[in-house]
Amino acid sequence: ARIAEVLGLRGIGQQVAMACTDKVEMRRLWGAAGVPVLPHAVATDVDGAVAEAIALGLPVVVKPPDNAAQRGVRLVEAEDDLEAAAAEALACSPSGRILVEELVEGPELAVTTFACAGATLAVQVTDRVTAPPPYLGICLAHVHPSELAPEAVQTVAETTVRAAEALGVRDGPTYSQVRVRDGVAYVLETGARLGGGRDSELRSFLSDQDAIEVHLRLLLQGSINVPAELAPAALAGAGCVRFLVSPPGRIAEVEGWEEVRRWPAVRSQGLFFEVGQVVPDLRSGAARAGYVIATAPTRAQAVAEADRVAERLRFVVD
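Residues numbered from 1 in each chain as written. Predicted model: local features only at pLDDT ≥ 70, side-chain atom pairs only at ≥ 80, totals over all residues. Heavy atoms only, no water.

Student: I tried to follow the packing of helix α4 (residues 46-56) against helix α5 (residues 82-91) on my own but got confused; where do I start?
Tutor: Packed helix pairs are specified by the crossing angle of their axes together with the interaxial distance, meaning the distance between the axes. Where α4 contacts α5, the axes come no closer than 9 Å and their chain directions differ by 125 degrees. In this view, α4 runs oblique relative to α5, as classed from their interaxial angle. Every pair of crossing elements has a handedness; the one defined by α4 and α5 is right-handed. Contact with α4, carried on its side by Val-46, Ala-49, Val-50, Ala-53 and Ile-54, involves Leu-82, Glu-83, Ala-86, Ala-87 and Leu-90 of α5 and no other residues of that element. Grouping the amino acids of the contact of α4 with α5 by side-chain chemistry returns 9 nonpolar, no polar and 1 charged. (Axes fitted to C-alpha atoms, helices over the stretch in contact; angles between N-to-C directions. Helix = DSSP H or I, 4+ residues; strand = E, 2+ residues; numbered from the N terminus. Parallel < 35°, antiparallel > 145°, perpendicular 65-115°, else oblique. Left-handed = near helix turned anticlockwise from the far one by under 90°. Contact = heavy atoms within 4.5 Å. Nonpolar A, V, L, I, M, F, W, Y, C, P; charged D, E, K, R; others polar.)

Student: Explanation requested: the packing of aromatic side chains in the structure shown.
Tutor: Any aromatic ring pair is given by two values, namely how distant the centres are and how the planes are angled relative to each other. Under the counting rule described, the total for this entry stands at 1 aromatic pair. Note on Phe-272 and Tyr-291: the rings are 5.9 Å apart at their centroids and 25 degrees apart in plane angle, and the pair reads as stacked. Residue Phe-272 is found in the loop between β12 (266-271) and β13 (278-279), and its partner Tyr-291 is found in strand β14 (residues 290-296); the two are separated by 19 residues along the sequence. Residue Tyr-291 is classed as buried on the basis of its relative accessible area of 4%. If you follow Arg-288 out to its NZ or CZ, it ends over the ring of Phe-243, 3.9 Å from the centre. (Phe/Tyr/Trp six-rings, centres within 6.5 Å; stacked < 30°, edge-to-face > 60°. Buried < 20%, exposed > 50% of the residue type's maximum accessible area, 1.4 Å probe, protein only. Lys NZ or Arg CZ within 6 Å of the ring centre and 35° of its normal.)

Student: What should I look at first to understand the side chain of Asp-66 in this one?
Tutor: Among the structural elements, Asp-66 can be located in the loop between β2 (60-63) and β3 (74-76). You can call Asp-66 buried: its relative accessible area is 16%. Among the polar contacts made by the side chain of Asp-66, one reaches the side chain of Ser-95 at a distance of 2.5 Å. Leave out the neighbours within four places in its chain, and Asp-66 touches Thr-21, Ser-93, Pro-94, Ser-95 and Arg-97. (Polar contact = N/O pair within 3.5 Å; in protein donor to acceptor, adjacent residues only side chain to side chain.)

Student: Would you take a moment to explain the pattern of salt bridges for this structure?
Tutor: Once their charged atoms are close, side chains differing in charge can pair, the charge on each being opposite to the other. In the structure shown here, the tally under the stated rule is 21 salt bridges. Its salt-bridge partner being Asp-22, residue Arg-97 comes within 2.8 Å of it at the nearest N-O pair. Pair noted here: Arg-97 is in the loop between α5 and β4 (98-102) and Asp-22 is in the loop between α2 (14-19) and α3 (23-32), with a separation of 75 residues, a long-range link. In this structure, Asp-66 and Arg-97 form a salt bridge, with 3.8 Å as the shortest nitrogen-oxygen distance. You can see Asp-66 sitting in the loop between β2 and β3 and its partner Arg-97 sitting in the loop between α5 and β4, a full 31 residues away along the chain. With respect to class, Asp-66 is no different from Arg-97; both count as buried. One network of salt bridges, with partners in common, ties together Asp-22, Asp-66 and Arg-97. (Salt bridge = Lys/Arg side-chain N within 4 Å of Asp/Glu carboxyl O.)

Student: Would you mind going over the sheet that holds strand β7 (residues 139-144) with me for this structure?
Tutor: A sheet is described by the order of its strands in space; here 8 strands give the open sequence β9-β8-β5-β6-β7-β10-β14-β12, paired in antiparallel fashion. Two strands close off the open sheet at either side, each with one partner strand: β9 (184-191) and β12. Strand after strand, the sheet turns through a mean of 25 degrees between neighbouring axes, direction not considered. By the bridge criterion, 8 bridges tie strand β5 (residues 108-116) to strand β8 (residues 172-181) in an arrangement that is antiparallel. Note that in β8 the partner of Leu-109 across the bridge is Val-178. Across the face of the sheet, helix α11 (residues 299-312) comes into contact with β6 (119-130), β7, β10 (238-244), β12 and β14 while running at roughly 25 degrees to β10. (Pairing = 2+ DSSP bridges.)

Student: I would appreciate a short explanation of the sheet that holds β4 in the present structure.
Tutor: Sheet strands line up and pair through hydrogen bonds in the backbone, either parallel or antiparallel. Read across the sheet, 4 strands follow the order β1-β4-β2-β3 without closing on themselves; strand pairing throughout is antiparallel. Strands at the two margins of the open sheet, each flanked by one partner only, are β1 (40-43) and β3. Neighbour-to-neighbour, the strand axes of the sheet open up by a mean angle of 25 degrees, direction not taken into account. Two strands pair when backbone bridges link them, and β2 and β4 are joined in this way by 4 bridges, in the antiparallel orientation. Residue pairing in the sheet places Val-60 in a bridge with Glu-102 of β4. Contacting β1, β2 and β4, α3 runs over the sheet at an angle of about 45 degrees to β4. Seen against the sheet, α5 touches β2, β3 and β4 and runs at an angle of roughly 35 degrees to β2.

Student: Looking at this structure, how should I read a nonpolar patch on the surface?
Tutor: On the surface, Ile-3, Val-6, Leu-7 and Leu-9 cluster together into a nonpolar patch covering about 460 Å² of accessible area. Tracing the backbone through its elements, the reader meets Leu-9 in the loop between α1 (2-7) and α2. (Patch = residues over 30% accessible without salt bridge, like charges linked within 9 Å, V, L, I, M, F, W, Y side chains within 5 Å. Areas by Shrake-Rupley, 256 points an atom, 1.4 Å probe, with all protein chains shown as cover.)

Structure follows, in structure tokens:
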């Protein structure tokens, strides 16, 4: 955003960029705009975070407010685990802060919005399948279409658009993680970018609309017709992005990879670690070993194809 300002290019501006990388500021702006916000507190040291968590009542989510890929984000259900979770969150926070928040249980979704000159539209909603606790929010799959009822998906889309507008994003995309509880959509975080979980790539396989290309044309040409360029109704069929998980250790071999590359339903695939590299424990999204994208006529078929592919793979580690 700063470079765009200096060079006179189209951009979101530094203030908006800062808001979209700070989960505390996000919640302040959302609350002011009437977007649902979970009870939360901020601390600058471990003792303070422990006290705030006890005051909120367990279980809570402890996280750094200014990191990415779910680094340092943990669910804490017992007081004995609070100190370690707070210390990890603090170590992952460049600003030295800890965000403690009420746990919201329910379906999780990923939502992409796109704006031009302040007109914002939710252009993609996918179910977001995450790894089990204690490390929260590590995405293991994106699935389109969502299995939620259409009216619930509409609530999620409308709430996410309001959240993006409250952050001041008038041009370009946002990517949000949302959970639904008792019919209320709670936005957990929003980034001023397209999703990093291959969801835009999945979208391009389900339509002839490429969100990355549209974003580039907005930046270079100055204006686009968002409803025409990225209409949600243009998505046809179903698809699943399945992230691959390896046991921690140094990769010696990936068995079945050539078979996966020839799998009829697989549209795209890739490995994030090469043979000889060390895969860490699954404590953040950066520890995922690779991905496959499968498409099919129905949601159930797409998920089944992605699952079959994942089962054929075996990461052999030292």
